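Structural description and commentary
Below are the chains, spelled out letter by letter.
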Amino acid sequence: MTTDNTEPAPDLRRVGVVWLVLSVIGVLLVIFALGPHIPPGSATAQAHEQHKANVIISAILTPIAIGLLVYFAYALTVFRQRGDVIEDGPPIHGNSRLQGAWLIGTVTVVLFLAAYGTYALYATESSAAGAGGGQGATLISAAPAGALQVQVVSQQWQFTFRYPQYGGVETTQLALPLNRTVVFHVTSLDVIHSFWAYQLGVKVDAVPGADNVADVTPHKLGTFNVRCAELCGVWHGAMATTGLVLSPSAFSSWIAQQRVKNAPATRHLPPYHSVYYPDPIERAG
Amino acid sequence: MTFNRRIAGIAAGTAAAIVLITWYVMSWVTSFPPTVMAGTTGGVTNVTFQTVPSYGHQPHPDWVSYLVKNTQGQWVHSTVVQVPAHSLVRLTIYQFDTATGLRNPLWSQPRGTVGGTETINGKPVASIDPTLTSHTFAVPDLGVSVALPGVGDNAPNQCSVTPCALSMAHTTITFTIRTGKPGHYRWQCFVPCAAGFPNGFGGPMQTVGWMDGYLNVA
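Here goes a summary of the coordinates provided. (Residues numbered from 1 in each chain as written. Chains lettered and ligands numbered in written order. Predicted model: local features only at pLDDT ≥ 70, side-chain atom pairs only at ≥ 80, totals over all residues. Heavy atoms only, no water.)

The next subject is empty space enclosed by the protein. The tally for this structure, following the rule as stated, stands at one cavity of 30 Å³ or more. In this model, the largest cavity occupies a volume close to 50 Å³. Forming the walls of the largest cavity are Gln155, Gln156, Leu189 and Asp190 of chain A together with Arg103, Asn104, Trp107, Phe190 and Phe201 of chain B. Taken together, the residues of the lining of the largest cavity break down into four nonpolar, three polar and two charged. (1 Å grid on protein atoms, 1.4 Å probe; cavity = no way out; pocket = protein on both sides within 12 Å on 5 of 7 lines; lining within 4 Å. Points joined across faces, edges and corners; volume = space filled by probe spheres on them. Nonpolar A, V, L, I, M, F, W, Y, C, P; charged D, E, K, R; others polar.)

So, about the packing of aromatic side chains. The final tally for this structure, using the stated rule, is 23 aromatic pairs over all chains. Where Tyr166 of chain A meets Phe251 of chain A, the ring centres are 5.9 Å apart and the plane angle is 80°; that geometry is what we call edge-to-face. A residue pair is termed long-range when its members are at least 10 positions apart, and Tyr166 of chain A in the loop between strand 3 (158-163) and strand 4 (169-171) and Phe251 of chain A in helix 4 (residues 248-261) qualify at 85 residues. Where Phe137 of chain B meets Phe175 of chain B, the ring centres are 6.0 Å apart and the plane angle is 45°; that geometry is what we call tilted. Of this pair, Phe137 of chain B sits in strand 10 (residues 133-139) while Phe175 of chain B sits in strand 12 (residues 171-178), placing them 38 residues apart in sequence. In terms of burial, Phe137 of chain B and Phe175 of chain B fall into one category: buried. Pairwise contacts between aromatic rings join Phe49, Tyr66, Phe137, Phe175 and Trp187 of chain B into one cluster. The aromatic ring of Trp196 of chain A is capped on one face by Lys203 of chain A, whose charged end is 4.3 Å from the ring centroid. (Phe/Tyr/Trp six-rings, centres within 6.5 Å; stacked < 30°, edge-to-face > 60°. Helix = DSSP H or I, 4+ residues; strand = E, 2+ residues; numbered from the N terminus. Buried < 20%, exposed > 50% of the residue type's maximum accessible area, 1.4 Å probe, protein only. Lys NZ or Arg CZ within 6 Å of the ring centre and 35° of its normal.)

Next up on the list: the interface of chain B and chain A. Between chain B and chain A, the residue contacts involve 40 residues of the former and 32 residues of the latter. Buried area between chain B and chain A, summed over both chains or domains, comes out near 2800 Å², and the portion from carbon and sulfur atoms is 52%. At the junction of chain B and chain A, the tally comes to zero salt bridges. At the boundary of chain B and chain A, one finds 14 residue pairs in polar contact (both at pLDDT 80 or more). Those elements that provide at least two residues to the side of chain B that touches chain A are strand 13 (183-188) and strand 14 (212-217) of chain B. Counting residues per element, the side of chain B that touches chain A draws most heavily on strand 14 of chain B, which supplies three residues. Its residues assigned to classes, the side of chain B that touches chain A shows 20 nonpolar, 14 polar and six charged. (Contact = heavy atoms within 4.5 Å. Buried area = accessible area lost by both parts, 1.4 Å probe. Salt bridge = Lys/Arg side-chain N within 4 Å of Asp/Glu carboxyl O. Polar contact = N/O pair within 3.5 Å; in protein donor to acceptor, adjacent residues only side chain to side chain.)

In this structure, the largest pocket encloses a volume near 1000 Å³. What lines the largest pocket is a set of 28 residues, among which Leu12, Val15, Gly67, Leu98 and Trp102 of chain A lie closest to the centre. Put simply, the parts of the chain that give the lining of the largest pocket at least two residues each are helix 1 (10-34), helix 2 (45-78) and helix 3 (96-122) of chain A. Sorting elements by how many residues they give to the lining of the largest pocket places helix 2 of chain A first, with eight residues. Of the residues that constitute the lining of the largest pocket, the class distribution is 19 nonpolar, eight polar and one charged. Its boundaries defined by the atoms lining it, the second largest pocket holds a volume of some 460 Å³. In terms of lining residues, the second largest pocket is bounded by 26 residues, among which Gln158, Thr172 and Gln173 of chain A together with Pro140 and Gly143 of chain B are the most central. Residue assignment for the lining of the second largest pocket shows that the elements contributing at least two residues are strand 3, strand 11 (240-246) and helix 4 of chain A together with strand 11 (144-149) of chain B. The greatest single-element share of the lining of the second largest pocket, amounting to three residues, is contributed by strand 11 of chain A.

Okay, unusual backbone geometry next. It is generally the case that most residues other than glycine have a negative phi and that most peptide bonds are trans. With an omega of 5°, the peptide bond between Pro39 of chain A and Pro40 of chain A qualifies as cis. Checked against the element boundaries, Pro40 of chain A lands in the loop between helix 1 and helix 2. With an omega dihedral of 5°, the bond running from Gln156 of chain A to Trp157 of chain A counts as a cis peptide bond. Assignment of secondary structure puts Trp157 of chain A in the loop between strand 2 (148-155) and strand 3. Even without a glycine there, the phi angle at Asn157 of chain B is positive, about 60°. When you line up the elements, Asn157 of chain B lands in the loop between strand 11 and strand 12. Of the residues examined, Asn157 of chain B reaches a relative accessible area of 46% and is grouped as partly exposed.

This next bit is on the sheet that holds strand 5 (residues 175-177) of chain A. Residue and element names in this part refer to chain A. Read across the sheet, five strands follow the order 5-11-10-7-8 without closing on themselves; strand pairing throughout is mixed. Where the open sheet ends on each side, the last strands, each with one partner, are strand 5 and strand 8 (202-206). Strand-to-strand, the axes of this sheet are offset by a mean angle of 20°, without reference to chain direction. By the bridge criterion, six bridges tie strand 10 (residues 222-228) to strand 11 in an arrangement that is antiparallel. From the neighbouring strand, Asn225 faces strand 11, where its bridge partner is Thr242. Across the sheet, helix 4 is in contact with strand 5 and strand 11; its angle to strand 5 comes to roughly 140°. (Pairing = 2+ DSSP bridges. Axes fitted to C-alpha atoms, helices over the stretch in contact; angles between N-to-C directions.)

Printed below as a string of structure tokens:
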């Protein structure tokens, strides 16, 4: 163990070399081998930004984790007390160069992550907010004109979806058009849920009386998983569905069919509103 | 305390913990409601439920509940029913409870039923007044949801203790669904009908055997 302020001790040099070699290998593996599999993918601009942020953060954290593990393994093998006699180790004195480097390094990493995280949240490809547009009148960003408004109505234990631009029809299936910005308005009729459209990179709390907003632009046709991400009762684990991203023409056909199919229920729905306080709730306790 | 006594104490404590955990798990497992087999006649499987405003017996006499009729014609306090896969299942529900109202009027329209309808006292309907709904029978994974209208608040001869006789005030709802591949499909009521619980969704609404259960498709 070094007490020298001028020359790195052999132990520190050895640890440093092993750490550097393993870190280079680890970072390359994280970026090129693990990176493509890190969620949530690139089905939307927002998901792509989150994926990129996850890869960058993982790459930054890899040398830190490797440093801790290498030092831990080195200490266990080299500094281990052998024999029956247990003695105190030599006293440790300060190493101002090492301490300074540690302080600067950790502060730099933390500040970089904070700055990058903020950038990733605000500045995406579509100029929409990353994982959420916010709530109420002061949204982080405004969706472009012509965006599709979709209200996510959460209830124990199923999500339903209302399309105010299409006669206020409410459906049990979520379908979205390709390459058109969608504005999710997420609310709840009972307890707190969380609308998590995994591959879209959207996770928004569904709170009774609140209209939480998230913008997203699907770029890939196909399906995506929707789950509740907030423990909401005995059937929370079953509160899931599969969403669809359709071509614009297929979406037009689908929404037209839904308007016809759901007409008997639509006439009973209350006028579209950002939140609902359903009535009657006589037995609601 | 000697070493042996310490070991004995640890062993006794561990054994007691294992016994308690085993007892709790076994109590939970054995308290699960029985599976009622549905009967099939003429190629159609029949399932008959009744919904009651209060069970009337221990352990929860004031809880709202479903009951199911077995093939011997007896009412069983269970919500776990086994039906065949890829088959038509005709459900009859005798509804003895009064209306609470739907929290989401979307469920006022029958969904996932053959023909997209249900019959109420023999009359087919495309939707019902959501404020008159007492309960729903919904199997989300099969896309099934059927609203059950309640009896009038002032209806004479209302049932208070199960099983309720058909001579008491009730509404009869029938509909048919087609089952798919085998599996355990959970079903539930979407009406906040659990009186005295937060949001009307505690107690019987979150307990299999009362207002939710399984449709075991085999």
